[in-house]
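Chain by chain, the residues:
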Amino acid sequence: RVMRDIHELPILIVEDLKSDARLIERSLRKARISNKCHFVSDGQQAIDYLGSTGEYADRAKCGLPVLILLDLKLPKRNGFDVLQWIREQEVLKRIPVVVLTSSKRSPDVNRAYDLGANSYLVKPVEDDAMVDMFRTLNMYWLALNEPPDIYNT
């Protein structure tokens, strides 16, 4: 079995606000993260993507993400529901999930960790701070971290 290059695998970004999605996309580019990013705008789309159902039925086209950036306040299914669903799936439960949200509320932080979040980040207000955050995220999750073996071929 051969481990695929981590930078060939997509990052799934679950964000409903178009302005935040644009800021995230721009910041990821400025941070020189080379992974393809796939954006979905609600919790049900995230589950469909990860479960290879509906418009995302072709797993070859919509590969398993190496990392999931998950907002909490989402339409249809909130981020907590998505996180709980991910952790219940045998194939998906080891994918790193980083909550990326505007909430600093202690109950939200605690609940995210209780449901299996790997990290909890509060969205920075300034563009430069977001770029710095993604550079650090890139170094840790995509360069230093040893991924689970679900990506072996």
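Everything quoted here is computed from the prediction, not taken from an experiment. Residue numbers restart at each chain and count upward from 1, following the sequence in its written direction. Per-residue local features of the predicted model are confined to residues with pLDDT of at least 70, and side-chain atom pairs are confined, for both listing and counting, to 80 or more; whole-chain, interface and lining totals are unaffected and use all residues. Computation of side-chain values covers all heavy atoms of the structure but excludes hydrogens and water.

**Thoughts on the nonpolar core**
We count it as follows: Think of a nonpolar core as a cluster: buried Ala, Val, Leu, Ile, Met, Phe, Trp, Tyr and Cys residues, connected wherever their side-chain atoms sit within 4.5 Å. Buried residues are those whose accessible area, probed at 1.4 Å on protein chains only, stays under 20% of the maximum for their type, while exposed residues exceed 50% and partly exposed ones sit between those limits. Secondary structure elements follow DSSP: runs of H or I no shorter than four residues count as helices, runs of E no shorter than two count as strands, and numbering proceeds from the N terminus.
Ile68, Leu69 and Phe134 are the most contacted members of the largest nonpolar core, which totals 49 residues. Breaking this core down by element, the ones donating at least two residues are strand S1 (11-14), helix H1 (18-30), helix H2 (43-51), strand S3 (67-70), helix H3 (79-88), strand S4 (97-101) and helix H5 (127-144). Looking at this core element by element, the count peaks at 7 residues for H5.

**Topic: the pairing of S3**
Test applied: Strand pairing is assigned whenever DSSP detects at least two bridges linking the two strands.
Side chains Leu67 and Leu69 project from S3 onto one buried face, and the interleaved Ile68 and Leu70 project onto a second face that is buried too. With 4 bridges joining them, S1 and S3 adopt parallel strand pairing. In the strand pairing of S3, Leu12 is matched with Ile68. As paired strands, S3 and S4 are joined by 3 bridges and run parallel to one another. Residue pairing for S4: Leu69 is matched across the bridge by Val98.

**A word on empty space enclosed by the protein**
Applicable threshold: Site definitions follow a grid-based scheme: protein atoms alone, a 1 Å grid, a 1.4 Å probe that fits but cannot get out for cavities, and for pockets an open set with protein on both sides within 12 Å along at least five of seven lines, plus lining residues having an atom within 4 Å of a point. Grid points are joined across faces, edges and corners, and a volume is the space filled by probe spheres set on the points. Lys, Arg, Asp and Glu make up the charged group, whereas Ala, Val, Leu, Ile, Met, Phe, Trp, Tyr, Cys and Pro make up the nonpolar group; the residues left over, Gly among them, are polar.
Summed over all chains, the structure comprises 1 cavity of 30 Å³ or more. Each pocket or cavity is described by its volume, and for the largest cavity that value is around 40 Å³. Around the largest cavity, the lining residues are Ile6, Val66, Pro96, Trp141, Asn145, Pro147 and Pro148. The residue inventory of the lining of the largest cavity, partitioned by class, reads 6 nonpolar, 1 polar and no charged.

**Points about the pattern of salt bridges**
It is possible for side chains bearing opposite charge to pair when their charged atoms get close. What counts is decided by this rule: Salt bridges are counted wherever a side-chain nitrogen of Lys or Arg sits within 4 Å of a carboxyl oxygen of Asp or Glu.
As enumerated under the stated definition, the model contains 8 salt bridges in all. With a shortest N-O distance of 3.2 Å, Glu90 and Lys93 are connected by a salt bridge. Take Glu90: its relative accessible area is 54%, and that puts it in the exposed class. In this structure Lys93 comes out as partly exposed when scored by relative accessible area, which is 30%. For Arg135, the salt bridge is made with Asp132, and the minimal N-O distance between the two is 3.2 Å. Taken together, the positions of Arg135 and Asp132, both in helix H5 and 3 residues apart, correspond to about one turn of that helix. Classification of Arg135 as partly exposed rests on a relative accessible area of 44%. Judged by its relative accessible area of 41%, Asp132 falls in the partly exposed class. One network of salt bridges, in which partners are shared, links Glu15, Asp20, Asp71 and Lys123.

Limitation: the analysis is restricted to geometry and does not speak to function.
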